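Chains, contacts and geometry: an overview
For reference, the chains in residue letters:
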Amino acid sequence: MHTHSKLQIYAYHLDIIGKSSIPFPQADPAVIEYRRKWEQNPRQFIVSDFPLHLDIEVSGRCNLMCQHCIRHSRRTNIGDMEFDLFKMIIDQGMENGLCSIDPDWLGESFLNPRLIEMITYAKQKGILDIRISTNGVLINKEMSHKIIESDLDRIIFSIDAASPLTYQKIKVGSDLELVLKNIEFLTNEKEKQGIRNPEIIVQIIDQKQTHEELMAFIHYWRTRADMVRISIYQSPDGNPRDKRRAQNKPESIFPCPQLWQRLTIAWDGTVYPCTGDNACRFPLGNVKKDSIKNIWHGEKMTSLRRMHINYEADDLDLCSHCDLNKIPREVNTYRNPTGENQSNEL
């Protein structure tokens, strides 16, 4: 049993280390170098030869209609990424030093029937870090086995509530009991095999409906998951008039680091400058017509970086609607299971 909660602070969420008793393996020098570039490139405005990371939307579809979801503001043309297109993206990446991917964006990735093949292909090609977010509805026993065999690094379950009543209101179309059983399947299989990966992260969004349930969520999951994540609320489409936006404590973090770290590729191959462009306002091009490297160094992306460096990004429709450039100066104080208060500066 744990005697205290260990906290890790990030810009958009608070992470609490959970139950995993398997030590981390010795860090791969390539991973250390990747993380160094991830931190330093935005600070020094270094444009790497190729994005360090790609968010690849393998499915634009979803099987739920979550109340807070940013999908409500996006385009209506949705579908699944073709396997050949995914392979082309990974092949381009591995030829140019790509380090990590998230095979998701605005949809539920497990709706793509070839998702496991995609993860396996990327791992076999040498991608250092692969993580994926899911609502957990489709993670049954059979899928749990496939996930482990794919060598996925991390899986984030967006649960977003502690009580069944709140869950039913927020996660429209889902079943909390089913999702809990699915997570248990995956956890049990990991323990049976004595392996660390995939690291299991459970997430709740700190919003009006869930704020009073946050500690109950932490208490329940800290002994069942490898990590518990409390994410900051982001209004759909980053509505500037939403008083809940970024906990109503906006602090600009321009220049936005994403412009020096990653690109986002939608299911149809359209490239966007960041994960915050959930309404698909600012397409940069399409990987079916141009290389990722050319798009990364293209005039549109270069212009965005220039505007951010010159603190002109508030004039951009893309950025004025974004919540990712707004963070609270202080993380909310949460009472840990020992009864001690813990408050942290970002």
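Presented here is a report on the structure given in the accompanying data block.

What counts as what
Residues numbered from 1 in each chain as written. Predicted model: local features only at pLDDT ≥ 70, side-chain atom pairs only at ≥ 80, totals over all residues. Heavy atoms only, no water. Phe/Tyr/Trp six-rings, centres within 6.5 Å; stacked < 30°, edge-to-face > 60°. Helix = DSSP H or I, 4+ residues; strand = E, 2+ residues; numbered from the N terminus. Buried < 20%, exposed > 50% of the residue type's maximum accessible area, 1.4 Å probe, protein only. Lys NZ or Arg CZ within 6 Å of the ring centre and 35° of its normal.

The subject of this paragraph is the packing of aromatic side chains. What the rule picks out here adds up to six aromatic pairs. Plain terms: the ring middles of Tyr-34 and Trp-38 are 6.1 Å apart, the flat faces sit at 70° to each other, and that makes the pair edge-to-face. With Tyr-34 and Trp-38 both in helix α1 (residues 29-44), this residue pair falls four residues apart, about one helical turn. With relative accessibility at 4%, the residue Tyr-34 sits in the buried group. What makes Trp-38 buried here is its relative accessible area of 13%. Ring centres of Trp-105 and Tyr-272 lie 5.6 Å apart, and the angle between their planes is 40°; on these two criteria the pair is classed as tilted. On the criterion of sequence distance, the pair formed by Trp-105 in the loop between β4 (100-102) and α3 (115-125) and Tyr-272 in strand β10 (residues 270-272) is long-range, its members being 167 residues apart. For the pair Trp-105 and Tyr-272, a shared accessibility class is recorded, and that class is buried. Aromatic ring contacts, followed pair by pair, group Phe-217, Tyr-220 and Trp-221 into a single cluster. When the ring centre of Tyr-220 is taken as reference, the NZ or CZ atom of Arg-224 above it lies at 3.8 Å.

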